[in-house]
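Close look at the chain arrangement
Each chain, letter by letter, is given below.
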Amino acid sequence: MSLLPFKVDGTRANMVWAGSVQVIEKLTGYLVLAVLTRTLLKADVGLMFFAATISGLAAILLSFGTENYLVRAIAVEPTKAIAQLSAVLSLRLRNAVIVYALVNLLFWLLQPQLSPALLLVSAYDFLEEIYYCFSAFYTGQRKV
């Protein structure tokens, strides 16, 4: 028995689920921003956004198109999906550890006041790298 007033098939259920998750994610982000702007000084919020920009640029450099590669490789050969995920995940995690460690060390030496914020944002982006690998894995298998 469904709580929804309409029939939910596989595609529609996936679209409703994906849309709901995106709305919840955006609302949570706006709530966090509202709390941060009300509780922190403008300089601290600016420092956090600068750290997020630095970490985001490092994340862009880390991807190397592996997300698209993983989607295409799994779509072509679904039987080798786990092996492809393993190869891409190990490459991205190894690169992420090296690059984020170097970026944090560099900013620890050059701008120590930025280090705590950059370390937290880098940890978040590191976890996001794992999420993107699994996202590409499920997209390649045509599962949302």
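Residues numbered from 1 in each chain as written. Predicted model: local features only at pLDDT ≥ 70, side-chain atom pairs only at ≥ 80, totals over all residues. Heavy atoms only, no water.

1. Some thoughts on the packing of aromatic side chains
Just so we agree on the cut-off: Stacked, tilted and edge-to-face are the three classes applied to pairs of Phe, Tyr and Trp rings, where Trp contributes its six-membered ring and a pair requires centres within 6.5 Å; stacked means planes under 30 degrees apart, edge-to-face means over 60, and tilted covers the rest. The way it works is that DSSP assigns letters per residue, a run of H or I at least four long becomes a helix, a run of E at least two long becomes a strand, and they are numbered from the N terminus. Partly exposed residues are those whose accessible area sits between 20% and 50% of the maximum for their type, while under 20% is buried and over 50% is exposed, using a 1.4 Å probe and protein chains only.
With the rule as written, the count across this model stands at three aromatic pairs. Ring centres of Phe 50 and Phe 107 lie 6.3 Å apart, and the angle between their planes is 75 degrees; this geometry places the pair in the edge-to-face category. In this pair, Phe 50 is assigned in helix 2 (residues 42-63) and Phe 107 in helix 4 (residues 81-110), connecting sequence segments 57 residues apart. According to the relative accessible area criterion, Phe 107 is buried, its value standing at 14%.

2. Regarding helix 2
To keep it simple, the criterion reads: Helix span is expected to be 1.5 Å times the residue number reduced by one. In this analysis, two residues are considered to be in contact whenever any of their non-hydrogen atoms come within 4.5 Å of each other.
For helix 2, spanning 22 residues, the distance from its first C-alpha to its last is 31 Å, which sits close to the expected 32 Å at 1.5 Å a residue. Those residues of helix 2 that sit buried are Val 45, Ala 51, Ile 54, Ser 55, Ala 58, Ala 59 and Leu 62. Tucked inside the fold, the buried residues of helix 2 contact helix 1 (10-39), helix 4 and helix 5 (115-140). Phe 64 occupies a position one or two residues after helix 2 and carries a positive phi of about 55 degrees.

3. Quick look at the environment of Cys 133
With respect to the secondary-structure elements, Cys 133 resides in helix 5. With 107 residues separating them along the chain, Cys 133 and Lys 26 place their C-alpha atoms 21 Å apart. Residues in contact with Cys 133, not counting those within four places in the same chain, are Leu 70, Leu 85, Val 88, Leu 89 and Arg 92.

4. Things to note about the layout of surface pockets
Put simply, the test is: Only protein atoms enter the 1 Å grid, on which a cavity is a set of points fitting a 1.4 Å probe that cannot get out and a pocket is an open set with protein on both sides within 12 Å along at least 5 of 7 lines, lining residues being those with an atom within 4 Å of a point. Grid points are joined across faces, edges and corners, and a volume is the space filled by probe spheres set on the points. Classification used: nonpolar for Ala, Val, Leu, Ile, Met, Phe, Trp, Tyr, Cys and Pro, charged for Asp, Glu, Lys and Arg, polar for all others including Gly.
Here the largest pocket defines a volume of roughly 720 Å³. Along the walls of the largest pocket sit 22 residues, with Val 32, Met 48, Phe 49, Ala 52 and Tyr 124 positioned nearest its centre. Elements with a contribution of two residues or more to the lining of the largest pocket: helix 1, helix 2 and helix 5. Here the lining of the largest pocket takes eight residues from helix 2, the largest share from any one element. Among the residues making up the lining of the largest pocket, the classes are represented as 15 nonpolar, three polar and four charged.

5. A look at the pattern of salt bridges
What counts, and what does not: Should a side-chain nitrogen of Lys or Arg be within 4 Å of a carboxyl oxygen of Asp or Glu, the pair is scored as a salt bridge.
Scanning the entire structure with this criterion turns up three salt bridges. When the shortest N-O distance is used, the salt bridge between Glu 67 and Arg 92 registers 4.0 Å. In this pair, Glu 67 sits in helix 3 (residues 66-76) while Arg 92 sits in helix 4, placing the two residues 25 residues apart along the sequence. Judged by its relative accessible area of 30%, Glu 67 falls in the partly exposed class. The closest approach of N and O atoms between Glu 77 and Lys 80, which form a salt bridge, is 3.5 Å. In the salt-bridge network here, residues are joined through shared partners; they are Glu 67, Arg 92 and Glu 129.

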